[in-house]
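Fold and contact review
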Amino acid sequence: MGKVILTGDRPTGKLHLGHYIGSLHRRVELQDAGDYEKMFVFMADVQALTDNADNPEKIRQNIIEVALDYLSAGLDPQKCTLYIQSQIPELAELTTYMMNLVSVSRVQRNPTVKTEIKMRNFEANIPMGFFSYPVSQAADIAAFKATTVPAGEDQEPMIELTREIVRRFNQIYAPVLVEPNILLPENAVCRRLPGTDGKEKMSKSLGNCIYLSDDADTVWTKVKGMYTDPTHLNVSDPGHVEGNAVFTYLDAFATDADFADFWPEFQTLDELKAAYTAGGIGDMKCKKLLNNVLNKMLEPIRLRRKEFEQDIPEIYNLLKKGSLAARETATRTMEEVRAAMQINYFDDEELIQSQAQRYKK
Ligand code: TRP
């Protein structure tokens, strides 16, 4: 069997540059490389509801935002199956069975869940569904027999737990499920893009995002206001590139071709960095470069987004088709799961006959 790639996002907001560089861009590359048997990308609305139970409207609104972000970034429904988690009820069934294969204390040790509980101030009032979402995520992955999960570092504990549950399942019942591997972003800048304010992480709740759907004016306003080097007061002062968000973004997004296009005085980012560090390069010039680099990348995405926005019903339609196709795959896995667990009573002729024998007088 070949590779099965699977990944998803909680539809709680529009996708930003951090999502793009950390994951979305990679997915499009994987999709276009074609080195897989199947590829699944889904919106984890069930998981999003585990900490948004009182606000389903937020999830409902963001399904289409994320779908537009996916499609305009280049995910192609001809090449990968796009679907919505809640439309695959088999996932809930598999979650229930998997819950028996893991202990409460094992889930409690999950560092990502720990951080999230703190961030949300759940403390003594953790919703049961939220607490157990890592098990539901194991089902998301195992129901499709995914081999490869492109995701960020924060998802490592989920994949590890999935491997453990799958291993236990296969040991106890029958070797039906597949242990997945995580596929991490290649380099550190891609793993965690800082916010425009220079803070550790680009995140909606911190209000420091550049969205894929931002227009050129909005991007320029955000880039102009970006955090740089607080000690670089005059152009002639030596500057620092470490911790300077503009340079971190250039590390993530600028190519040598961008220099030829936008700042031919330098051939590479390393040359610009050396000049900036020596002194004599203004922040505004660097911001203009970054703005050009970002717009060159975002413009085709914006154009595709405009086209897709013209036919929103068609997007729901393709998500529906994707969900039906995904459900077929999950249904097949669940048949094997039930047979392995021997809860497929009505298909088990041997069981029926042996019980009949037992009661024969
Ligand atoms: N936990 C992921 C997130 O917070 C979303 C997700 C749910 C996921 N199920 C998944 C990612 C399965 C990869 C594979 O964005």
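Residue positions are given per chain, counted from 1 along the sequence in the order it is written. Local features in a predicted model are, by the rule used here, given only for residues with pLDDT of at least 70; side-chain atom pairs are given and counted only at 80 or more, and totals for whole chains, interfaces and linings are based on all residues. Side-chain numbers here rest on the full set of heavy atoms in the structure, without hydrogens or water.

**What to know about helix α9 (residues 156-172)**
In this description a helix means any DSSP run of H or I spanning at least four residues, a strand means any run of E spanning at least two, and both kinds are numbered starting from the N terminus. In a helix, the anticipated span is given by 1.5 Å times the number of residues less one. With 17 residues, α9 extends 24 Å from end C-alpha to end C-alpha; this agrees with the ideal 24 Å at 1.5 Å per step. Here α9 has its buried residues at P157, M158, I159, L161, T162, I165, V166, F169 and N170. Note on exposure labels: buried denotes an accessible area under 20% of the residue type's maximum, exposed denotes more than 50%, and partly exposed covers the range between, all computed with a 1.4 Å probe on protein chains only.

**Here we look at the site of the ligand**
Throughout, the term near means that a residue has one or more heavy atoms lying within 4 Å of the molecule or strand in question. Inspection of the region around the ligand gives L6, T7, G8, R10, F42, A44, Q47, Q137, D140, I141, V149 and Q155 as its neighbouring residues. Here a polar contact is taken to be a pair of N or O atoms separated by no more than 3.5 Å, where protein atoms must pair a possible hydrogen donor with a possible acceptor and residues adjacent in sequence count only if both atoms sit in side chains. Q47 places a side-chain nitrogen or oxygen 2.7 Å from a nitrogen atom of the ligand. Contact distances for the ligand include 2.8 Å between a nitrogen atom and a side-chain N or O atom of D140. When isolated, the ligand has an accessible area of 370 Å², and the protein chains bury 90% of it. For the shell around the ligand, the secondary-structure elements that each account for two or more residues are β1 (4-9) and α8 (133-142). Looking at the shell around the ligand, its residues break down into five nonpolar, five polar and two charged. Per-residue accessibility takes into account occlusion by the displayed protein chains alone, with areas from the Shrake-Rupley method and a 1.4 Å probe. Side-chain classes are defined by residue name, with Ala, Val, Leu, Ile, Met, Phe, Trp, Tyr, Cys and Pro counting as nonpolar, Asp, Glu, Lys and Arg as charged, and the others, Gly among them, as polar.

**Remarks on the nonpolar core**
Put simply, buried Ala, Val, Leu, Ile, Met, Phe, Trp, Tyr and Cys residues joined by side-chain atoms within 4.5 Å make one nonpolar core. L17, L250, F253, L272 and L294 are the most contacted members of the largest nonpolar core, which totals 62 residues. Looking at which domains feed residues into this core, each of domain 1 (4-192 + 311-353) and domain 2 (204-308) gives three or more. It only takes one pair of heavy atoms within 4.5 Å for two residues to be counted as in contact. Apart from the residues within four sequence positions on either side, L250 is in contact with L269, L272, L289, L290 and V293. Where each domain starts and ends follows an automatic or database-derived domain assignment.

**Structural notes on the domain arrangement of the chain**
On domain assignment, one finds that the chain holds domain 1 (4-192 + 311-353) and domain 2 (204-308). Computed from C-alpha coordinates alone, the two centres of domain 1 and domain 2 are separated by 34 Å. Contacts between the two partners involve 20 residues from domain 1, matched on the other side by 19 residues from domain 2. Taken over both partners, the interface formed by domain 1 and domain 2 buries close to 1700 Å², and the fraction arising from carbon and sulfur atoms is 68%. A quick way to say it: buried area is the sum, across both parts, of accessible area lost when two parts are put together, with a 1.4 Å probe. Considering only the surface of domain 1 that becomes buried against domain 2, L17, S72 and V189 emerge as the three largest contributors, covering 35% of it. Counted as salt bridges are all cases of a side-chain nitrogen of Lys or Arg within 4 Å of a carboxyl oxygen of Asp or Glu. Connecting domain 1 to domain 2 are two salt bridges. Those elements that provide at least two residues to the side of domain 1 that touches domain 2 are α1 (17-33), α3 (56-73) and α16 (312-340). No other element matches the six residues that α3 contributes to the side of domain 1 that touches domain 2. For the side of domain 1 that touches domain 2, the residue count by class is 11 nonpolar, five polar and four charged.

**Looking at the layout of surface pockets**
As defined here, a cavity is a set of points on a 1 Å grid over the protein atoms alone where a 1.4 Å probe fits but cannot get out. A pocket is an open set with protein on both sides within 12 Å along at least five of seven lines, and residues line them when an atom is within 4 Å of a point. Grid points are joined across faces, edges and corners, and a volume is the space filled by probe spheres set on the points. Reported here for the second largest pocket is a volume of approximately 300 Å³. Around the second largest pocket, the lining is made up of 14 residues, and of these I84, Q87, Y316, L319 and K320 lie nearest the centre. Counting residues per element, the ones that place at least two in the lining of the second largest pocket are α3 and α16. No other element matches the six residues that α16 contributes to the lining of the second largest pocket. For the lining of the second largest pocket, the class distribution of residues is six nonpolar, four polar and four charged.

**Here we look at the pattern of salt bridges**
For the structure on display, the rule yields 24 salt bridges. Among the salt bridges present, the one from R120 reaches D51, with a minimum N-O distance of 2.3 Å. Taken together, the residues R120 in the loop between α6 (111-119) and α7 (128-131) and D51 in the loop between α2 (45-49) and α3 connect sequence positions 69 residues apart. Residue class for R120 comes out partly exposed when judged on its relative accessible area of 26%. With its nearest N and O atoms 2.6 Å apart, the salt bridge here joins R192 to E200.

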